[in-house]
Every structure is written in structure tokens, then in C-alpha cells.
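# Examination of the molecular architecture
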Amino acid sequence: MRKIPVLIESKNGHDTLDVPENKLQDTVEKQLKDDKWVTLEKKDGSSEILTKEDIPKPAEKPAWQKTFGVDKGNNNVTSMPSKPVSRVKNFAKKFEAVTSATCTHKAKGG
């Protein structure tokens, strides 16, 4: 399995982790939750900055589904695809073809 270098800003300058490709998303989410910004470098030379707001929120049932979504006769839940599901997929796509990630403290205006 390919390992991705992750540079994390710390008190000592930076720490370097070599994270398995399939664990990169979890590692980045942890850094985002710690209020850091993450720059993902891609194979094509592009980069993308992620912030805490990019983490998909847990899907909540739409109001109509809470009220009318259960057919009481056979307990089948009728649901329609919701936007949060596509947001989770879009977030996962951000981690395709990544060559490295850099985690820094968020920028402060001055």
C-alpha cells in the first residue's frame, strides 16, 4: 500500500507522518477538527485547501421524513437521496490522487 507524507505544523516546527493511502481521510479529518487547515497536493500539480467547514455534517432526516417517512403498515421507510450523502462522496473524492498533505494552523487576519 502506498504511503502519503503528511506534514503537521507543531511547536517543534513540523512533524512528518507517512500515512497509508486508505487512512489519509481519517488523518486529515482529525487535523481539521483540531482547527487546522490542510493543503492537499495532487498528482497533477494542483492543490486544494480544506478547512473544518469542509467536513460533511452527519446526515439528518428531512422534516417530511420524520413526520411522514414511515409506512405504519409494514414499517418501510420511504426516503429520497439527500444532499449530505453526495457531500460525503464529494469529500471522499478530494483524497483521490493525493501526493502529500500539509496541516497548518489556520491563518489569522491582521
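Refer to the structure presented above.
Residues numbered from 1 in each chain as written. Predicted model: local features only at pLDDT ≥ 70, side-chain atom pairs only at ≥ 80, totals over all residues. Heavy atoms only, no water.

### A word on the overall build of the protein chain
Test applied: Helix and strand assignments come from DSSP, with helices taken as H or I runs of at least 4 residues and strands as E runs of at least 2, each series counted from the N terminus. Residue burial is assigned from relative accessible area. The probe radius is 1.4 Å, only protein chains are included, and a residue is buried under 20% of its type maximum, exposed over 50%, and partly exposed in between. The contact criterion used is simple: two residues touch if any of their non-hydrogen atoms lie within 4.5 Å. Residue burial considers only the protein chains on display, and all accessible areas are found by Shrake-Rupley using a 1.4 Å probe.
Summing up its helical and strand segments, the protein chain has 3 helices and 7 strands in all. Mapped from its N terminus to its C terminus, the protein chain presents α and β elements in the order β-β-α-β-β-α-β-β-α-β. For the protein chain, the proportion of its 110 residues judged to be buried stands at 24%. Relative to all contacts within the protein chain whose residues are 6 or more apart in sequence, the contacts with residues 24 or more apart total 53%. Counting every atom, the protein chain has about 7900 Å² of accessible surface; 53% of that belongs to carbon and sulfur.

### Examining the sheet that holds strand β2 (residues 13-20)
Let me state the cut-off plainly: By definition, two strands form a pair when at least two bridges between them are found by DSSP. Each axis is a line fitted through C-alpha atoms, and for a helix only the stretch in contact is used; angles between axes span 0 to 180 degrees, taken between their N-to-C directions.
In spatial order, the strands read β2-β1-β7-β3-β4; together these 5 strands make up an open sheet with mixed pairing. Strands at the two margins of the open sheet, each flanked by one partner only, are β2 and β4 (47-50). Strand after strand, the sheet turns through a mean of 20° between neighbouring axes, direction not considered.

### What to know about the pairing of strand β1 (residues 3-10)
Pairing geometry for β1 and β2, over 8 bridges, is antiparallel. Bridged to Glu9 within β2 is His14. Linking β1 back to β2 in an antiparallel pair, the connection comprises 2 residues. When β1 meets strand β7 (residues 98-105), the two strands line up parallel, connected through 3 bridges. What sits directly across from Leu7, in β7, is Thr102.

### Some details on the nonpolar core
In plain terms, the rule: Nine residue types can take part in a nonpolar core, namely buried Ala, Val, Leu, Ile, Met, Phe, Trp, Tyr and Cys, and a core is a set of them joined through side-chain atoms within 4.5 Å.
Of all hydrophobic cores here, the largest spans 16 residues; its most connected members are Leu24, Val28 and Leu40. At the level of secondary structure, the elements contributing two or more residues to this core comprise β1, α1 (24-33), β3 (36-42) and β7. Not counting chain neighbours up to four residues away, the residues in contact with Val28 comprise Val38, Leu40, Leu50 and Phe95.

### Describing α1
Inspection of α1 places Leu24, Thr27, Val28, Glu29, Gln31 and Leu32 among the buried residues, and these make up the whole buried set. Asp35 occupies a position one or two residues after α1 and carries a positive phi of about 65°.

### A look at unusual backbone geometry
A positive phi angle, close to 65°, is found at Asp35, a residue other than glycine. As for its position among the elements, Asp35 is in the loop between α1 and β3. Although it is not a glycine, Ala97 adopts a positive phi angle of roughly 60°. Position of Ala97 relative to the elements: it lies in the loop between α3 (83-93) and β7. You can call Ala97 partly exposed: its relative accessible area is 36%.

### Concerning the packing of aromatic side chains
As a reminder, the rule being used: Put simply, two rings from Phe, Tyr or Trp (the six-membered ring, in Trp's case) pair if the centres are within 6.5 Å, and we call them stacked under 30 degrees between planes, edge-to-face over 60, tilted for the rest.
Under the counting rule described, the total for this entry stands at 1 aromatic pair. Note on Phe91 and Phe95: the rings are 5.2 Å apart at their centroids and 75° apart in plane angle, and the pair reads as edge-to-face. For Phe91, a relative accessible area of 2% corresponds to the buried category.

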